[in-house]
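Structural features, examined
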Amino acid sequence: MTAADRFRAAVDSRDLAGLEDLFTEDVRFYSPVKFTPFEGRTAVLGLFGVLLRTFEDFRYVGEYTGSAQTGTDGTVAPSAVLLFRATAGGRRIHGIDLLHFDEDGQIKEFTVMVRPQSAVHALGEAVLAGLVADGLVPEA
């Protein structure tokens, strides 16, 4: 089973503990609703706790594997693109998860892209509310 398969299985079963070993200690998560990345395993796992509660009817609908240049250091790394569909904040979402792996098969960089723009806005509001509720960001 590949790292992408293990990630997908953990998300499908909403197993937050199962995600922990899949991320490097210094993982970076690039969100469609925040300019700077979430950095570090603790921050990314906190975010995933919110995401797993926020998305409704989340399902992966496709996968592509290969390699790509990472944003952190420019090296070419094994990568996977997971296509998904979901609902958040009453909006239907179409998106991709772009995973870059290190030499041990752990996720070192994670980028999410979603469409349409109205879904990005609804998702951002729902995730922010969840982060505030969990005490992961201060209330605005």
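Below is a short write-up of the structure.

**Comments concerning the pairing of strand S4 (residues 76-88)**
By the bridge criterion, 11 bridges tie strand S3 (residues 56-69) to S4 in an arrangement that is antiparallel. By the bridge assignment for S4, Glu56 is matched with Thr87. Taking the residues that link successive antiparallel strands as the turn, the S4-strand S5 (residues 91-101) hairpin has two residues, and the phi of Gly89 there is positive, at about 55°.

**As for the packing of aromatic side chains**
Under the criterion given, the structure shown has 13 aromatic pairs. Taken together, a centroid distance of 5.3 Å and an interplanar angle of 55° make the contact between Phe55 and Phe58 tilted. As far as the burial class goes, Phe55 and Phe58 line up, both buried. Aromatic rings pair up to connect Phe7, Phe23, Phe29, Phe38, Phe48, Phe55, Phe58, Tyr60, Phe84 and Phe110 into one cluster. Against the face of Phe38 rests Lys34, its NZ or CZ located 4.6 Å from the ring centre.

**Some points on the environment of Glu25**
Within the fold, Glu25 resides in strand S1 (residues 23-30). Looking at Glu25, the relative accessible area reads 53%, which means it is exposed. Along the primary structure Glu25 and Gln106 are separated by 81 residues, whereas in three dimensions their C-alpha atoms are 9.4 Å apart. Once residues within four sequence positions are removed from consideration, Glu25 is found in contact with Gly40 and Arg41. For Glu25, the side chain forms a polar contact with the side chain of Arg41, separated by 2.9 Å.

**Some details on the pattern of salt bridges**
For the coordinates displayed, the defined rule picks out five salt bridges. Between Glu39 and Arg28 there is a salt bridge, with its nearest N and O atoms 2.9 Å apart. Of this pair, Glu39 sits in strand S2 (residues 38-39) while Arg28 sits in strand S1, and the two are 11 residues apart along the sequence. Glu39 gets classed as partly exposed once you look at its relative accessible area, which sits at 48%. Here Arg53 and Asp134 are joined by a salt bridge, their closest N and O atoms 3.1 Å apart. Taken as a pair, Arg53 in helix H3 (residues 41-54) and Asp134 in the segment after helix H4 (117-133) lie far apart in primary sequence, 81 residues in all.

Parameters at a glance
- Residues numbered from 1 in each chain as written.
- Predicted model: local features only at pLDDT ≥ 70, side-chain atom pairs only at ≥ 80, totals over all residues.
- Heavy atoms only, no water.
- Pairing = 2+ DSSP bridges.
- Helix = DSSP H or I, 4+ residues; strand = E, 2+ residues; numbered from the N terminus.
- Phe/Tyr/Trp six-rings, centres within 6.5 Å; stacked < 30°, edge-to-face > 60°.
- Buried < 20%, exposed > 50% of the residue type's maximum accessible area, 1.4 Å probe, protein only.
- Lys NZ or Arg CZ within 6 Å of the ring centre and 35° of its normal.
- Contact = heavy atoms within 4.5 Å.
- Polar contact = N/O pair within 3.5 Å; in protein donor to acceptor, adjacent residues only side chain to side chain.
- Salt bridge = Lys/Arg side-chain N within 4 Å of Asp/Glu carboxyl O.

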